[in-house]
Amino acid sequence: MLSSRYEWRSLSRLIAFALGGAMVVWMLWGMVGRMQRGAPGAERDQAVCYGNKLGTAAAREKAIDQGYAIDRSLDCISRASYLAMQAREEAQKAEQRRRTIDEELAARREAERAAEAPARQTLSDVRRTFITQVHVANPQPQPLPKPPRTLYERSDYTSGPYTLAAYVTPSPRDRALHPAILWLTGGDSNTLGDFWVRGPAGNDQSAQAFRDAGVVMMFPTLRGGNTNPGQRELGLGEVDDVIAAAEHLAKLPYVDPRRIYLGGHSTGGTLALLVAQSTPRFAAVLALGPVGEMGDYGPSYARVDWRSLPPQELAVRSPARWLDSIRSPTYLIEGQKPPGNLSSLTSMCQKARAHPMVRCLSVPGHDHYSVVSAVARVAAAQIVVSTGEDFDLRVDQLTALPAPAPATARAASATPAADAER
C-alpha cells in the first residue's frame, strides 16, 4: 500500500514537472513568435507614426518646421501628415513640370511669331529711305553772329552737300582732352543769334554754365539757317546736320571724342530727342522742354499745313513715336511750373516707363525757361569729372539749387504755339 502511494506521488510529480516544462516551452515559443511578428503595441505605433520616436525637443521642432504634425502621445511624426506632405510634394512637382512645359511652348510660339512678323523699324531705318516733301526757305535770313573771339571761334562743318557754320570754345592749349557739349537753341534752331549773351534771372537760356565749368561748347547752325545753303526740313535733315556737327567736334584735337554730350531746349530739345533716336553717338542727351508730336505745333508752324501731307511726314518728326529707338542715356526734362510742355513730357514718359535709356525729370520750382540754367549748372559740374559712363542727373540735384527769381522777359518759346509764332 505504501509502495503504491509512493509510486503515485512520484508519478504525480513527474507529470507536474512535465506539464510545467511544457508550459515554459509554450511561453518561450509565444514570446519568440511575438518578437518575430511584433507586439500589438508596436503594430499600433507603426500605424500611427512615421519613423522612430523623436526623443528630443530639437527633433520635434525640426519636424514641425518641416511641416509635419506630431503625435504627442507617441512622440513621433504623424504618418497621416507624412503621407499628406508626400502627396503635396508630388503635386507641386507635377505642377512645376506642367508650368515648364507651358513656358517652353509659349516661348516657342513667341519665337515663331517673331520670326514670321516683320521687325519694328527704328527711326534710323525709316529715315534712311524716306524722302520728304517739306523744304522751307528761310523767310528772313539773318547774318551770322559775331561772338567775342575769346569766347567762341568759327569752326564750320560739312553735312552732306552743305558747309554749315558753327562756333566752338577755343582750345585751352593745355594738351588735355576735354569733355564737350553740342547745344541746340530754342525757337528757330537752324539759326543762331547772340547765343553767348546771358539772359535775365530766371530766363537765362544761354547755357553758358557749361563753358564756365570748362566744358567745350559747340553751337551749330543748321541747313537753311542764317546765311547757310539748303532749306529747312523742320526736324528731318537737321538730324543729319547735328550728327555731322558732333563728328566734326570729335575731331578737334582738344576734345575727348568719348565724352561728347548733346543738349537742346524747346524746339532744340525736340531736335535733340530726334537725334538721340537716330544715333548712339553721345555720352548722354539732355532734351529740355521737348514736344512729342510735331503736329502739336499746328498748321501755322513754318507755314506748313501737315494735314495736306502724307502721315509719315509727321511721324518721322514726332519723337513720341520712336522712344524705343533710343540707345544712349537720354534725359527728358521740364519744369513743373507753367508755362511749358509738361503735358507732352508726361505723355512721353508714360510710354517710355520701362525703357532703360530714358530718364524723366519733372523739376519742381522751375518752369520751361528757368530749368535751362539749373540743368546747365548741375550737368556741367558732373560732366567735367565724369568718364562719360557715370553721368547721372537727378531731380533732387536740380531742386537743391536756390529758387530762380521771376524772369522779366521771355526771349524764347515755351509752347508749340509760341514756337509757331517765331
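Here the structure is shown first, and the text comes after it.
First, a word on scope: everything that follows refers to the structure included in this document.

Procedures and definitions
Residues numbered from 1 in each chain as written. Predicted model: local features only at pLDDT ≥ 70, side-chain atom pairs only at ≥ 80, totals over all residues. Heavy atoms only, no water. Phe/Tyr/Trp six-rings, centres within 6.5 Å; stacked < 30°, edge-to-face > 60°. Helix = DSSP H or I, 4+ residues; strand = E, 2+ residues; numbered from the N terminus. Buried < 20%, exposed > 50% of the residue type's maximum accessible area, 1.4 Å probe, protein only. Salt bridge = Lys/Arg side-chain N within 4 Å of Asp/Glu carboxyl O. Pairing = 2+ DSSP bridges. Disulfide = S-S within 2.5 Å.

1. Quick word on the packing of aromatic side chains
Turning to step 1, where the next piece is worked out: Inspection of every chain in the model, using the stated rule, returns 10 aromatic pairs.
Turning to step 2, where the next piece is worked out: Each ring, one from Y152 and one from F195, has its centre 5.0 Å from the other, and the planes form 70°; the classification is edge-to-face. Highlighted residues: Y152 in the loop between α5 (123-129) and β4 (153-154) and F195 in the loop between β8 (178-184) and α6 (209-213), separated in sequence by 43 residues.
Turning to step 3, where the next piece is worked out: Taking the relative accessible area as the measure of exposure, Y152 reaches 1% and is therefore buried.
Turning to step 4, where the next piece is worked out: Measuring from ring centre to ring centre gives 5.2 Å for F195 and W196, while their planes differ by 85°; the resulting arrangement is edge-to-face. Note on accessibility: F195 and W196 belong to one class, buried.
Turning to step 5, where the next piece is worked out: In textbook terms, an aromatic cluster arises when at least three aromatic residues are bridged by ring pairs, as seen for Y152, Y167, F195, W196 and F219.

2. Considerations on the pattern of salt bridges
Turning to step 1, where the next piece is worked out: In this structure the tally under the stated criterion is 20 salt bridges.
Turning to step 2, where the next piece is worked out: For the salt bridge of E95 with R99, the shortest nitrogen-to-oxygen distance reads 3.2 Å. In this pair, E95 and R99 are both assigned in helix α4 (residues 79-116), four residues apart and thus about one turn of the helix distant.
Turning to step 3, where the next piece is worked out: For E95, a relative accessible area of 28% gives the class partly exposed.
Turning to step 4, where the next piece is worked out: For R99, a relative accessible area of 44% translates into the label partly exposed.
Turning to step 5, where the next piece is worked out: Close ionic contact of D256 with R258 constitutes a salt bridge, the shortest N to O distance being 3.4 Å.
Turning to step 6, where the next piece is worked out: Judged by its relative accessible area of 5%, D256 falls in the buried class.
Turning to step 7, where the next piece is worked out: Assessed through its relative accessible area of 66%, R258 is described here as exposed.

3. Remarks on unusual backbone geometry
Turning to step 1, where the next piece is worked out: The peptide bond linking P338 to P339 adopts the cis configuration, its omega dihedral lying at 0°.
Turning to step 2, where the next piece is worked out: Take P339: it is sitting in the loop between β12 (330-335) and α10 (342-351).

4. Side note on the pairing of β8
Turning to step 1, where the next piece is worked out: Within β8, seven of the seven residues are buried, which leaves the element mostly enclosed by the surrounding structure.
Turning to step 2, where the next piece is worked out: Of the two faces of β8, the one holding H178, A180, L182 and L184 and the one holding P179, I181 and W183 are both buried throughout.
Turning to step 3, where the next piece is worked out: One ladder, built from six bridges, connects β8 with strand β10 (residues 255-265); its direction is parallel. By the bridge assignment for β10, L184 is matched with G264.
Turning to step 4, where the next piece is worked out: Where β8 lies against strand β9 (residues 216-220), three bridges are found, and the strand directions are parallel. In the sheet register, A180 faces β9, and the bridge partner there is V216.

5. Points about the state of the cysteines
Defined simply, a disulfide is a covalent bond joining two cysteines at their sulfur atoms.
Turning to step 1, where the next piece is worked out: Going through the model one piece at a time under the given rule, you end up with two disulfides.
Turning to step 2, where the next piece is worked out: Disulfide pairing places C349 opposite C360 at an S-S distance of 2.1 Å. On the sign convention where negative means left-handed, the S-S torsion of about -110° between C349 and C360 marks this disulfide as left-handed. With C349 in helix α10 and C360 in strand β13 (residues 358-363), this pair connects stretches of sequence that are 11 residues apart.
Turning to step 3, where the next piece is worked out: Taking relative accessible area as the criterion, C360 reaches 35% and is therefore assigned partly exposed.
Turning to step 4, where the next piece is worked out: Across the protein, the way the bonded cysteines pair up, counted in sequence order, is 1-2, 3-4.

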